[in-house]
2 protein chains.
Amino acid sequence: MQARTAATSGDDFDQLARDAVYRAMFTRRDVRSHFVADDLDDGVLARLLTAAHHAPSVGYMQPWNFIVIRDAARRRQVRDLFLAAREQELPAIEAERQALYRKLKLEGICESALNLCITCDRQRSKNSPLGRWHNPEMDLYSTVCAVQNFWLAARAEGVGVGWVSIIETEALKRLLSIPEHVTPIAYLCVGRVSEFAPRPDLEAHGWGKRLPLPELVMSETFCGAGEAPLKSAIAALENGRSRDQSAVVEAADQAALGESQREPPKEPSALSRSSLNFDEASASRRSQSGFGTWPSMVSK
Amino acid sequence: MQARTAATSGDDFDQLARDAVYRAMFTRRDVRSHFVADDLDDGVLARLLTAAHHAPSVGYMQPWNFIVIRDAARRRQVRDLFLAAREQELPAIEAERQALYRKLKLEGICESALNLCITCDRQRSKNSPLGRWHNPEMDLYSTVCAVQNFWLAARAEGVGVGWVSIIETEALKRLLSIPEHVTPIAYLCVGRVSEFAPRPDLEAHGWGKRLPLPELVMSETFCGAGEAPLKSAIAALENGRSRDQSAVVEAADQAALGESQREPPKEPSALSRSSLNFDEASASRRSQSGFGTWPSMVSK
């Protein structure tokens, strides 16, 4: 079966295809703003839902449902739930961060083209719960995988997705007539956007930083030392990405300056104004010209 | 900022790049067999972990850790936990399916190149739990998104991943010295494979079928009628995929026959022996020749 082996061993993803998959992950954003007024085409939404439906699920139970919410009045009610929940959450935030918390835009419920509530039917495999006897929460996790598929497919289609987690679940269930045995997993704002931010919003606003990945890797047991070669390989990748990211942010700043002052960037640069974002435009250009993308650049 | 808008609106994913993202999703498998004896290169594993680390996380808390498990003796201990858990789960399965359940291969703990336990540190945002006050499980969900990123990146790299959910969590925590406040989310078997199956194993063995997606879509409220155009668009996509899938399975059967009998397939077909799997090889060929891939074929 040599032919079959060759056909299915992963060689079917060439470098450009692999880059595209990584690019969707690195440039995906939790979008709360930049939604544009356009409707979302049903053909596109159908593709995104099909992607979600191809998520893994324990025991192949496919526990998800998708509630599409377009009605403006209902969305205002959901937004009211968010606003109430935000006020309730505020005291749980460190005192010195509460002012920043208030400033953060944490939802785009009414501005996005539509909302989507992805739910988990906890009874769908009730007679044969393969893989759920010890870990009954596996159906919830399966549904989260569907959310992530939806999100990545959306990024590849130029559609922004924001996950609103500041909401009281029981109130949401009442508003959407969701029965007792069904759990809402994700309430999403979905729509075309004018841009994807170069960095996550919470990083840009100083709420947090990306943690150094080598510190999150352990060997054999929790906090087990070891895996030095793996950690070195990760650090090399991170340094490469970090350099690119700095160049992006600097170029974005320079371009913004250039836009306002009508002056060119101070130095000639491979990063043109139309490729402000490494993760997106420049990666795309490099990918399409077939060299210099992140995976091939830093490590093979 | 027209230049910026154009650069970041999603046009950076051309049709080939979008196809690659969908292909990773449609051809990802929960792999339990077909692992080959090769080690997994640290450079590849570093890329997969970097993909996981770029998952979304509520409040940007990045709650995950990654425990790499290579030791053969420890893996045998984990496999013993699986075997015990499988016996405990068996009585929960419908009587007429228990024989099938016993036959299913549900893990590849010892045969894969390595194991990976992805955990969630539930205290990482304890002073400022943005987005977790009402839904404290959001950190668990964030970690699942990291698992799914890892899984999709692995598919694009030709690496198989299997999620072992039949395991007793507290026993696993003891075996891996995982502290109380950390929750194991996914125990994964990871390694190069000789092939990715054309269909999910549980479908191939008759355990379940993929549900019709239009029946899982609801409008405005749970079970709300409506969204007819969206459902039609989904049905058109599903029919297209279903036709392709039938052709794949038929071609795979014919090719297997051809391999054993040294006879060519009965009819001339666009599907050669080296493209047994639409989702993989033929999509790749079509993608690389720039026409006829699923998204462009069925709907624009």
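The structure displayed is predicted, hence computed values, not measured ones. (Residues numbered from 1 in each chain as written. Chains lettered and ligands numbered in written order. Predicted model: local features only at pLDDT ≥ 70, side-chain atom pairs only at ≥ 80, totals over all residues. Heavy atoms only, no water.)

Draft legend 1. Structural view of the packing of aromatic side chains. All names here are of chain A. In the structure shown here, the tally under the stated rule is eight aromatic pairs over all chains. For the pair tyrosine 22 and phenylalanine 26, a centre-to-centre distance of 5.9 Å together with 20° between the ring planes defines the contact as stacked. Residue tyrosine 22 and its partner phenylalanine 26 are both found in helix α2 (residues 15–27); the two are separated by four residues, about one turn of the helix. For tyrosine 22, a relative accessible area of 2% corresponds to the buried category. Accessibility expressed as a relative area gives 4% for phenylalanine 26, which makes it buried. Look at tryptophan 151 and tryptophan 163: their rings are 6.1 Å apart centre to centre, the planes differ by 50°, and that puts the pair in the tilted class. (Phe/Tyr/Trp six-rings, centres within 6.5 Å; stacked < 30°, edge-to-face > 60°. Helix = DSSP H or I, 4+ residues; strand = E, 2+ residues; numbered from the N terminus. Buried < 20%, exposed > 50% of the residue type's maximum accessible area, 1.4 Å probe, protein only.)

Draft legend 2. Representation of the confidence of the model for chain A. Residue and element names in this part refer to chain A. Mean pLDDT for chain A: 84, with 78% of residues reaching 70 or above. Across residues 1–9, where pLDDT falls below 50, the model places 21 contacts with residues more than four positions away in sequence or in other chains. Counting contacts from residues 295–300, a segment whose pLDDT is below 50, to residues more than four positions away or on other chains yields 19 contacts. (pLDDT = per-residue confidence, 0-100. Contact = heavy atoms within 4.5 Å.)

Draft legend 3. Spotlight on the relation of the copies chain A and chain B. Its rotation angle being 180°, the transformation that places chain A on chain B also includes 0.0 Å of axial translation and leaves an RMSD of 0.0 Å. Interpreted geometrically, this transformation is the action of a two-fold axis. Taking C-alpha positions as the reference, the residue of chain A nearest the rotation axis is A:Val21, at 2.5 Å. Most of the interface of chain A is mirrored in chain B: 100% of its interface residues are interface residues there too. (Least-squares fit on C-alpha atoms with pLDDT ≥ 70 in both.)

Draft legend 4. Broad picture of the pairing of strand β1 (residues 64–69) of chain A. Residues and elements named next belong to chain A. Burial runs high along β1: six of the six residues are buried. Here β1 shows a buried face lined by Trp64, Phe66 and Val68 and a second buried face lined by Asn65, Ile67 and Ile69. Judged from the six bridges that link them, β1 and strand β2 (residues 114–121) form a sheet pairing that is antiparallel. Residue isoleucine 67 lies in a different strand from β2, and its bridge partner there is cysteine 117. (Pairing = 2+ DSSP bridges.)

Draft legend 5. The arrangement of the side chain of B:His134 in detail. Considering the arrangement of structural elements, one finds B:His134 in the loop between β2 (114–121) and α6 (138–156). A polar atom in the side chain of B:His134 sits 2.6 Å from the side chain of A:Gln88. With sequence-adjacent residues up to four places away left out, B:His134 is seen in contact with A:Ala85, A:Gln88, A:Glu89, A:Ile167 and A:Glu168. (Polar contact = N/O pair within 3.5 Å; in protein donor to acceptor, adjacent residues only side chain to side chain.)

Draft legend 6. Region of interest: the pattern of salt bridges. Overall, the coordinates contain 32 salt bridges over all chains when judged by the stated rule. Put simply, B:Asp121 and B:Arg124 hold a salt bridge, and the shortest N to O gap is 3.7 Å. Judged by relative accessible area, which is 27%, B:Arg124 ranks as partly exposed. Salt bridges linked by common partners bring A:Arg79, A:Lys105, A:Glu107 and A:Glu111 together as one network. (Salt bridge = Lys/Arg side-chain N within 4 Å of Asp/Glu carboxyl O.)

Draft legend 7. View of α6(B). Residues and elements named next belong to chain B. With 19 residues, α6 should cover 27 Å at 1.5 Å per step; its first-to-last C-alpha distance of 27 Å lies within 8% of that length. By the criterion of burial, α6 is predominantly enclosed, with 19 of the 19 residues buried. Within two residues after α6, glycine 158 carries a phi angle of roughly 75°, on the positive side. (Expected span 1.5 Å × (residues − 1).)

Draft legend 8. Structural view of the side chain of B:Ser112. All names here are of chain B. Looking at the secondary structure, you find serine 112 in the loop between α5 (98–103) and β2. Residue classification places serine 112 among the buried residues on the basis of a relative accessible area of 4%. In this view, serine 112 contacts Phe35, Arg75, Cys189 and Val190; residues no more than four positions away in its chain are not counted.

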